[in-house]
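Here is how the chains run, residue by residue.
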Amino acid sequence: MKCPNCGDRTSVDLDMHSNGFTSEESPVKECGSCGLVWRVKIEAGHPRIDIIKAADTKK
């Protein structure tokens, strides 16, 4: 899956069932390049990106 922030395709599925973030329909993803944590939720039949943690800022 392509990162919605930086466009990189390096992502990792995160298993966060104890926190209630992930489900079978919308698994949580983390970008290996920028650190963005997101999931894609389907609302009213349309996909929506739900940002859980913003991307890391490089200094």
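The structure under discussion appears in the preceding block.
What counts and how
Residues numbered from 1 in each chain as written. Predicted model: local features only at pLDDT ≥ 70, side-chain atom pairs only at ≥ 80, totals over all residues. Heavy atoms only, no water. Helix = DSSP H or I, 4+ residues; strand = E, 2+ residues; numbered from the N terminus. Areas by Shrake-Rupley, 256 points an atom, 1.4 Å probe, with all protein chains shown as cover. Disulfide = S-S within 2.5 Å. Buried < 20%, exposed > 50% of the residue type's maximum accessible area, 1.4 Å probe, protein only. Pairing = 2+ DSSP bridges. Axes fitted to C-alpha atoms, helices over the stretch in contact; angles between N-to-C directions. Core = buried A, V, L, I, M, F, W, Y, C linked by side-chain atoms within 4.5 Å. Contact = heavy atoms within 4.5 Å. Polar contact = N/O pair within 3.5 Å; in protein donor to acceptor, adjacent residues only side chain to side chain.

Novice: I tried to follow the overall build of the chain on my own but got confused; where do I start?
Specialist: Scanning the chain from terminus to terminus reveals zero helices and four strands. By element, 50% of the accessible surface of the chain is carried by carbon and sulfur atoms, the whole surface being about 4200 Å².

Novice: Help me understand unusual backbone geometry in this model?
Specialist: Both trends apply: most residues other than glycine have a negative phi, and most peptide bonds are in trans. Unusually for a residue other than glycine, alanine 44 sits at a positive phi of about 55°. Position of alanine 44 relative to the elements: it lies in the loop between strand S3 (37-43) and strand S4 (46-53).

Novice: Is there a simple way to explain the state of the cysteines in this structure?
Specialist: A covalent bond between the sulfur atoms of two cysteines is referred to as a disulfide. Considering all chains together, one arrives at zero disulfides under this definition. Residue cysteine 3 stays outside any disulfide, its sulfur separated by 3.7 Å from that of cysteine 34, the closest cysteine. Take cysteine 3: its relative accessible area is 3%, and that puts it in the buried class. Looking at cysteine 31, it has no disulfide partner, and the nearest cysteine sulfur is the one in cysteine 6, 3.6 Å off. On the accessibility criterion, cysteine 31 (2% relative accessible area) is buried.

Novice: Sorry if this is basic, but what is going on with the pairing of S4 here?
Specialist: One face of the sheet, then the other: side chains in a regular strand alternate in exactly this way. One ladder, built from seven bridges, connects S3 with S4; its direction is antiparallel. From the neighbouring strand, valine 37 faces S4, where its bridge partner is lysine 53. Counting the residues in the hairpin turn of S3 and S4 gives two residues, including alanine 44, whose phi is positive at 55°.

Novice: Even after reading the chapter, I still don't get the sheet that holds strand S2 (residues 28-31), so can you show me in this structure?
Specialist: Here four strands make up an open sheet; going across it, the order is S1-S2-S3-S4 and the pairing antiparallel. The outermost strands of the open sheet, each flanked by one partner alone, are strand S1 (11-14) and S4. Adjacent strand axes in the sheet meet at a mean angle of 35° when their direction is disregarded.

Novice: I'm lost on the nonpolar core in this one. Help?
Specialist: Here is a general trend for soluble globular proteins: nonpolar side chains tend to be buried in one another's company. Counting five residues, the largest nonpolar core consists of Cys3, Cys31, Cys34, Leu36 and Trp38. If we ignore the near neighbours within four places in the chain, the residues touching cysteine 3 are Asp8, Cys31, Cys34, Leu36 and Trp38.

Novice: What's the story with the side chain of aspartate 50 in this structure? I'm lost.
Specialist: Summarising the element assignment, aspartate 50 is placed in strand S4. Within polar-contact distance, the side chain of aspartate 50 engages the side chain of arginine 39 at 2.8 Å. Dropping the residues within four chain positions of it, aspartate 50 is found in contact with Val37, Trp38, Arg39 and Lys41.

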